[in-house]
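Structure at a glance
Here is what each chain is made of, one letter per residue.
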Amino acid sequence: MSKKSPWTAVESRYLVPDDGRFRIEDAPTEPEKRLDKDELKAKLEQRVDGVRQLQKRLYADDSYSVLFVFQAMDAAGKDGTIRAVFTGVNPAGFQVFSFKVPSHEEVDHDFLWRIAERLPERGRIGVFNRSHYEEVIITRVHPEILENQRLPRLDEKHVWEERFDSIRGFERHLAQNGTIIVKFFLNVSLEQQKRRLLRRIDDPSRNWKFNVSDIDERELWPDYMKAYEEAINETSKSWAPWYVIPADDKPYMRAEVAKIIKKTLESLNLEYPTIDDEARASLAACRVRLEEQ
């Protein structure tokens, strides 16, 4: 993958194994026990500071690019989590893309084209707020979308299997060429989502976040859960793992996401570049010249 040892997924209770036995109904939406908010805040701050420092090394080391993918149902907290976890990182080495409905140009390409265009460069962290997984989740729940994609060959019986195969191959190719991929599903419960959507209606400062279609999509919750479960099982691999994080408690969720991100960056053994004796001698000569000016 790189000059260093191949990367594998960091351990976490929320890591989805690659044996295909993940069941979304068994995945918790809340932490096992309630933690003190001040304690969670302190943990988040400590981990965010660690991410900030490690990003500097990633940028200087320039061996890997790192991609964090966030998927979730509406109101699970993707935007807030991304903002909280990456607070203070250097914008020069960080980029976020939010994938909306594909444009006409994007539809005229294969479904991975617009993803490949936005991948992070070496030395940078990239974040996808929604991603290529929309094409095996929302498109699966709404198969009529496929008709608008004008596919030259549409075999509805095998299209999802083929897309999973494409995603696995795409992500493995990226991993083999130095992109570290970590995927988060923020697992909010139907009941908690309802409470958050009601807050968007009741709080004038949140009205802009509310979309009438959110109510329609809630009625398709079982279909979405089935689509997520299969997508996660089909694509959680050691080189591109899924972590299913409880999302009903936002402070806990953000602290856990930050923990995994920090451990991921730590596992790369990032280093600031070193220089040889000749370069060191050149620096010493430059220092002398600067002092004489």
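Right above here is the structure, for reference.
The structure reproduced in this document is the subject of the present report.

Cut-offs and rules
Residues numbered from 1 in each chain as written. Predicted model: local features only at pLDDT ≥ 70, side-chain atom pairs only at ≥ 80, totals over all residues. Heavy atoms only, no water. Phe/Tyr/Trp six-rings, centres within 6.5 Å; stacked < 30°, edge-to-face > 60°. Helix = DSSP H or I, 4+ residues; strand = E, 2+ residues; numbered from the N terminus. Buried < 20%, exposed > 50% of the residue type's maximum accessible area, 1.4 Å probe, protein only. Salt bridge = Lys/Arg side-chain N within 4 Å of Asp/Glu carboxyl O. Pairing = 2+ DSSP bridges. Axes fitted to C-alpha atoms, helices over the stretch in contact; angles between N-to-C directions. Contact = heavy atoms within 4.5 Å.

This part takes up the packing of aromatic side chains. Summed over the entire model, instances satisfying the criterion amount to nine aromatic pairs. Aromatic side chains Tyr14 and Tyr252 sit 6.5 Å apart centroid to centroid with 85° between the ring planes, which places their arrangement in the edge-to-face category. One end of the pair, Tyr14, is in the segment before helix H1 (37-61); the other, Tyr252, is in helix H11 (residues 250-266), and 238 residues separate them in sequence. By relative accessible area, Tyr14 is classed as buried at 7%. Of the aromatic side chains, those joined through ring pairs into one cluster are Phe68, Phe70, Phe86, Phe94, Phe184 and Tyr243.

Right, let's talk about the pattern of salt bridges for a bit. Under the counting rule described, the total for this entry stands at 19 salt bridges. One salt bridge connects Arg21 with Asp19, and the closest N-O pair in it is separated by 2.9 Å. Put simply, Arg206 and Asp203 hold a salt bridge, and the shortest N to O gap is 3.2 Å. Residue Asp203 is classed as partly exposed on the basis of its relative accessible area, which comes to 27%. Residues participating in the shared-partner salt-bridge network are Glu30, Arg34 and Asp249.

Moving on, we get to the sheet that holds strand E2 (residues 94-98). One open sheet accounts for five strands, arranged E2-E3-E1-E4-E5; its pairing is parallel. Either end of the sheet is taken by a strand with one partner, and the two such strands are E2 and strand E5 (242-246). Here the strands of the sheet are splayed against their neighbours by 20° on average, with no regard to which way each runs. For strand E4 (residues 179-187) and E5, the ladder comprises five bridges, and the chain directions are parallel. Looking at E5, one finds that Phe184 is bridged to Tyr243. On the sheet, helix H10 (residues 221-235) packs against strand E1 (65-72), E4 and E5 and is oriented at approximately 140° with respect to E5.

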